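Analysis of the macromolecular model
Letter by letter, the chains look like this.
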Amino acid sequence: MPEQFESPRAALSDEALASLSAALAESAERYDRSGDFPHANFRLLADAGLLALTVPVEHGGQGATLAEVRRVIGAVARGEPSTALILAMQYLQQLELHASPRWPAELKRRLARGAIENGELINALRVEPDLGTPLRGGVPATTARRSGDHWVISGVKRYSTGFPGLSWLNVWAASDDPDPLVGFWLVPAGSPGISVSERWDHLGMRATNSHDVRFDEVEVPLDHAVDVRPLSELVPSQGDKTLWLNVLLSTLYDAVARNARDCFRDWLQSRVPTNLGAPLASLPRFQEVLGRIDGLLFSNRVLLEAGERDELDGVEAAQLKRLVCEQAIEAVSIAIEASGNPGLSRRSALERHYRDVLCARIHSPQADIVLVQAGKAALRR
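Residues numbered from 1 in each chain as written. Predicted model: local features only at pLDDT ≥ 70, side-chain atom pairs only at ≥ 80, totals over all residues. Heavy atoms only, no water.

1. Quick look at the overall build of the protein chain
- The helix and strand inventory of the protein chain stands at twelve helices and eight strands.
- At 22 Å, the protein chain has a C-alpha radius of gyration in line with the 21 Å of a compact globule built from 381 residues.
- Viewed in the frame of its principal axes, the protein chain has a C-alpha envelope of about 80 × 55 × 40 Å.
- Burial statistics for the protein chain: of 381 residues in total, 53% are counted as buried.
- Counting only contacts in the protein chain whose residues sit at least 6 apart along the sequence, the fraction spanning at least 24 positions is 72%.
- Just so you have it, the protein chain exposes about 17,200 Å², and 50% of that area is on carbon and sulfur atoms.
- Here the protein chain contributes 41 positive and 49 negative side-chain charges, whose respective centroids are spaced 5 Å apart. (Helix = DSSP H or I, 4+ residues; strand = E, 2+ residues; numbered from the N terminus. Rg over C-alpha atoms; globule rule 2.2 N^0.38 Å. Buried < 20%, exposed > 50% of the residue type's maximum accessible area, 1.4 Å probe, protein only. Contact = heavy atoms within 4.5 Å. Areas by Shrake-Rupley, 256 points an atom, 1.4 Å probe, with all protein chains shown as cover. Lys, Arg positive; Asp, Glu negative; His and termini not counted. Charge placed at Lys NZ, Arg CZ, Asp CG, Glu CD.)

Written as structure tokens, this is what we have:
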């Protein structure tokens, strides 16, 4: 394990991030096989001061730029991608809550202090069994009703990424008003009335522990309605978080593809068939395959660097996510096809990277939404 860093900025050096990747990679296969939550990984990240990068400086955080945060997510994903996804959600939630004028100032300070001093994690719980992803429209079935000096939350959330490690749940719900308030209620993860159904048993990203969570009459103070507005005034999320979401998710799956590329390269250099008497790397056919993979990853790098410099509009940022993730999947698929049975063996890290990279497709915004929006934008111009 790397030593504790003297400051969070020291943890962003190339050497420190490479050491972090290596430390996380040591247990990546074990977490994939067991599906356990990577508690040790988050202790390591907390010790390195990396859980509050997007907390503003005035609240004791680092106020890191998108470029800095992208480097961290890429390094963590190179080590263990499920950890990187949970960490990305932490960064996005902290970024959004501190930018929101609706969040009470005291709660902002409390969550910042918790992340810095105690390594507390937060994530939004939005998806529901019947509704699916809220980005396709609809009102949540999870309800919030006033009862005296508190709110009472009831409902079920699905795909609650990182739940076993979360201290705070940002729960998307609707009030019982005639024109319901829709938005987020902040719920401490240890509140009475919260139960978990451990349904998460997926092909890839297995250590995210994205279980189902049930809320049965869970009470929270009135000021924990942290970002709500009447349904009639609800507008789609805009601004920095949209760009950050697309760039960070794309960075994560690009990192998985780069791991796969390195596995494939190492296999080409070490595999010496008896009838050839030389490594497969000596054959032009395999050199061409590796060149195709590197071309896709070069394209990804150029796109991600443009994204971190904020050179893209909203439609282009969504296209970045679609293109980078599709090219990451294609790169790993090419390596799998060229390696044949060895690449699909459970003993091969390439097989694990293939399962993980396929999960890129399920994250919003999904390809059909991105393409329709891009087509509409083109027709308006």
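2. Focus: the nonpolar core
- Leu50, Ile153, Leu169, Trp185, Phe215 and Phe264 are the most contacted members of the largest nonpolar core, which has 92 residues in total.
- Here the element with the most residues in this core is helix α7 (residues 240-270); it accounts for 15 residues.
- Setting aside chain neighbours within four positions, we find Ile153 in contact with Thr142, Thr143, Ala144, Val171, Trp185, Val187, Phe215, Asp216, Glu217, Val218 and Val220. (Core = buried A, V, L, I, M, F, W, Y, C linked by side-chain atoms within 4.5 Å.)

3. Remarks on a nonpolar patch on the surface
- A contiguous nonpolar surface patch, about 210 Å² in accessible area, is contributed by Val139, Leu231 and Leu234.
- Topologically, Leu231 is positioned in the loop between β8 (225-230) and α7.
- Judged by its relative accessible area of 33%, Leu231 is partly exposed. (Patch = residues over 30% accessible without salt bridge, like charges linked within 9 Å, V, L, I, M, F, W, Y side chains within 5 Å. Salt bridge = Lys/Arg side-chain N within 4 Å of Asp/Glu carboxyl O.)

4. Let's talk about the environment of Leu296
- In this structure, Leu296 sits in helix α8 (residues 284-308).
- You can call Leu296 buried: its relative accessible area is 13%.
- Sequence separation of Leu296 and Ala331 is 35 residues, and the distance between their C-alpha atoms is 6.5 Å.
- If we ignore the near neighbours within four places in the chain, the residues touching Leu296 are Gln327, Glu330, Ala331 and Ile334.

5. Quick look at helix α5 (residues 81-99)
- Here α5 is 19 residues long and its end C-alpha atoms lie 27 Å apart, about the 27 Å a rise of 1.5 Å per residue gives.
- In terms of residue burial, α5 counts as a mostly covered element, since 17 of its 19 residues are buried.
- N-cap assignment for α5: the residue whose side-chain oxygen lies 3.2 Å from the backbone N of Ser82 is Glu80. (Expected span 1.5 Å × (residues − 1). Polar contact = N/O pair within 3.5 Å; in protein donor to acceptor, adjacent residues only side chain to side chain.)

6. Some words on the pairing of strand β2 (residues 143-147)
- In terms of strand pairing, β2 meets strand β3 (residues 150-160) through five bridges, oriented antiparallel. By the bridge assignment for β3, Arg146 is matched with Trp151.
- Between β2 and β3, which pair antiparallel and follow one another directly, the connecting turn spans two residues, one of which, Gly148, has a positive phi of 65°.
- Both β2 and strand β4 (residues 168-175) contribute to a ladder of two bridges, which runs parallel. Bridge pairing in β4 places Ala144 opposite Ser175. (Pairing = 2+ DSSP bridges.)

7. Looking at the packing of aromatic side chains
- Counted by the stated rule, this structure contains four aromatic pairs.
- Measuring from centroid to centroid gives 5.4 Å for Trp151 and Trp185, while their planes differ by 75°, and the two rings are edge-to-face. One end of the pair, Trp151, is in strand β3; the other, Trp185, is in strand β5 (residues 181-188), with 34 residues separating them in the sequence.
- Geometrically, the ring pair formed by Phe264 and Trp267 is stacked, given 6.3 Å between the ring centres and 25° between the ring planes. Remark: Trp267 and Phe264 occur in helix α7; sequence separation between them is three residues, near one turn of the helix.
- For Phe264, a relative accessible area of 1% puts it in the buried group.
- Lying across the ring of Phe286, Arg285 places its NZ or CZ 4.1 Å from the centre. (Phe/Tyr/Trp six-rings, centres within 6.5 Å; stacked < 30°, edge-to-face > 60°. Lys NZ or Arg CZ within 6 Å of the ring centre and 35° of its normal.)

8. Section: the packing of helix α1 (residues 14-25) against helix α4 (residues 66-79)
- The N-to-C vectors of α1 and α4 enclose an angle of 30°; their axes lie 6 Å apart at closest approach. Relative to α4, the element α1 lies roughly parallel. Handedness of the crossing formed by α1 with α4: right-handed. Within the contact between the two elements, α1 uses Asp14, Leu17, Leu20, Ser21, Leu24 and Ala25 and α4 uses Arg71, Val72, Ala75, Val76, Arg78 and Gly79.
- Here the residues of the contact of α1 with α4 sort into seven nonpolar, two polar and three charged. (Axes fitted to C-alpha atoms, helices over the stretch in contact; angles between N-to-C directions. Parallel < 35°, antiparallel > 145°, perpendicular 65-115°, else oblique. Left-handed = near helix turned anticlockwise from the far one by under 90°. Nonpolar A, V, L, I, M, F, W, Y, C, P; charged D, E, K, R; others polar.)

9. Quick word on the state of the cysteines
- One pass over the structure, following the stated rule, counts zero disulfides.
- Its sulfur unpaired, Cys325 is 11 Å from the next cysteine sulfur, which belongs to Cys359.
- Looking at Cys359, the relative accessible area reads 11%, which means it is buried. (Disulfide = S-S within 2.5 Å.)

10. Side note on the side chain of Gln327
- Note on placement: Gln327 falls in helix α9 (residues 314-339).
- The residues contacting Gln327, other than those within four sequence positions of it, are Leu296, Ser299, Asn300 and Leu303.

11. Notes on the pattern of salt bridges
- Across all of its chains, the model carries 25 salt bridges by this definition.
- Across the pair Asp266 and Arg265 runs a salt bridge whose closest N-O atoms are separated by 3.1 Å.
- Exposure remark for Arg265: the relative accessible area of 27% places this residue in the partly exposed category.
- Shared partners join several salt bridges into a network, and the residues in it are Arg78, Arg261, Asp262, Arg265, Asp266 and Asp294.

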